[in-house]
Amino acid sequence: MSVSKTVALPTGQRIPIVGFGTWQASEQELEAAIDNALEAGYRHIDAAPVYENEHIIGKTLKKWFDSGKIKREDLFIVTKLAPSGNRPEGVEKFLKKSLKDLQLDYVDLYLIHCPFAYAYGDDLHPKDENGLIIIDPSTDHIAIWSEMEKQVAKGLTKAIGLSNFNKKQIDRILNVAKLPVSMLQIEMHLYFQQKEMIEYCKNKSIQITAYSPLGNRSLVQLLGRSETFPDLFKDNVVLQIAKKHGKSPAQIALKHLTQKGVIVIPKSTNPHRIQENIQIDTWKLDAEDIATLNNLDLGEKGRLCDFSFFPGLEKHPEFPF
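About the criteria used
- Residues numbered from 1 in each chain as written.
- Predicted model: local features only at pLDDT ≥ 70, side-chain atom pairs only at ≥ 80, totals over all residues.
- Heavy atoms only, no water.
- UniProt positions renumbered as here; feature names shortened; annotations may be inferred.
- Helix = DSSP H or I, 4+ residues; strand = E, 2+ residues; numbered from the N terminus.
- Contact = heavy atoms within 4.5 Å.
- Pairing = 2+ DSSP bridges.
- Axes fitted to C-alpha atoms, helices over the stretch in contact; angles between N-to-C directions.
- Parallel < 35°, antiparallel > 145°, perpendicular 65-115°, else oblique.
- Left-handed = near helix turned anticlockwise from the far one by under 90°.
- Nonpolar A, V, L, I, M, F, W, Y, C, P; charged D, E, K, R; others polar.

Undergrad: Just give me the short version of the UniProt feature "active site" (unreviewed entry) in the chain, but keep the residues and values in it.
TA: Annotation from UniProt places "active site" (unreviewed entry) at Tyr51. Here Tyr51 lies in the loop between strand S4 (44-46) and helix H2 (54-67). Not counting residues within four places of it along the chain, the set of residues in contact with Tyr51 comprises Thr22, Trp23, Asp46, Lys80, His113 and Gln185.

Undergrad: Could you give an account of the sheet that holds strand S6 (residues 109-112), naming the residues involved and the relevant values?
TA: Strand order in the open sheet formed by eight strands is S3-S4-S5-S6-S9-S10-S11-S12, with parallel pairing between adjacent strands. Either end of the sheet is taken by a strand with one partner, and the two such strands are strand S3 (20-21) and strand S12 (263-264). With five bridges connecting them, strand S10 (residues 183-187) and strand S11 (residues 207-211) associate as parallel partners. Across the sheet, the residue bridging to Ile186 is Ala210, located in S11. Sheet strands touched by helix H4 (residues 141-153): strand S5 (76-81), S6 and strand S9 (160-163). Its angle to S9, the strand with the most contacts, is close to 140°.

Undergrad: I'd like a description of the packing of H4 against helix H5 (residues 167-174), backed by residues and values.
TA: Where H4 contacts H5, the axes come no closer than 9 Å and their chain directions differ by 55°. Taken together, the axes of H4 and H5 lie oblique to each other. Seen from above, H4 lies across H5 with right-handed handedness. On H5, the residues that touch His141, Ile142 and Trp145 of H4 are Gln169, Arg172 and Ile173. Across the contact of H4 with H5, the residue classes tally to three nonpolar, two polar and one charged.

In structure tokens:
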């Protein structure tokens with residue numbers, strides 16, 4: 001078993017630098033995957049209501065707690081406020097629903113999943129007759145953040161943060177925040193390295209979690225970009241560095257981020273890859289490797305999760321890209 005090293009949050013908590021992602025994991029696959037992840041040493045699990053599988057995570061965690069093999073305080077659990085709850089009155093309601101599904105009394109970190117809001121309600125993906133997401137353009141980040149802070153006071157979460165926000169939107173929160181913005185979760189991988197955002201967050205004492213740290217081939221396929229978007233598992237530069245260190249391409253991609261202090265949440269349902277992805281603490285990339293991998297950055301062309309798979313969102317006044 002390989003337990004990953006941890007990163008300090010402004011709250012004093014420590015979050016494992018390698019977590020287990022659950023986006024795009026079906027119910028049937030997820031229970032076995034979490035079992036394998038916990039056996040492999042993962043102690044950080046990333047969840048969200050819009051992934052529609054929090055109840056499976058909760059069922060699996062309860063099984064582990066009941067067995068005595070793991071304690072609640074051993075784990076770092078992250079979940080997020082769904083866009084359908086992105087208004088002050090939705091914050092506590094949606095957090096309590098997540099806690100019920102996860103079968104937990106609290107989460108370690110609660111994030112505002114997106115800076116935009118859908119129409120308020122229980123429908124996680126409300127659409128009109130034309131298949132467009134029904135947006136609520138009246139999103140008030142300051143009012144939402146104030147409610148997020150109240151959840152810490154109530155003990156329902158230990159820390160709060162943001163996801164998919166741009167610098168202007170983060171600044172708006174920082175100008176009024178009474179509690180620290182402990183985390184920014186954003187897309188980040190070899191082809192989309194977000195170097196400016198890393199520097200910005202470092203200056204603001206905000207930790208970063210990279211989602212889709214392996215480039216997310218299933219999303220590439222969903223977007224119809226399989227022919228044009230590079231596959232880091234087949235990238236000659238990555239393969240050469242992997243061979244040099246006797247590691248897999250995935251381990252090289254993850255190490256490139258964690259060596260910079262970025263938290264990663266790779267998702268896999270393959271038991272071997274689940275184990276492999278967490279085994280990145282006992283070795284390092286050298287300066288030449290880092291420089292070579294830095295050159296793979298495509299800038300904005302490397303962004304995959306632009307929410308184009310939810311047509312209509314780009315019309316929201318807080319659409320971040």
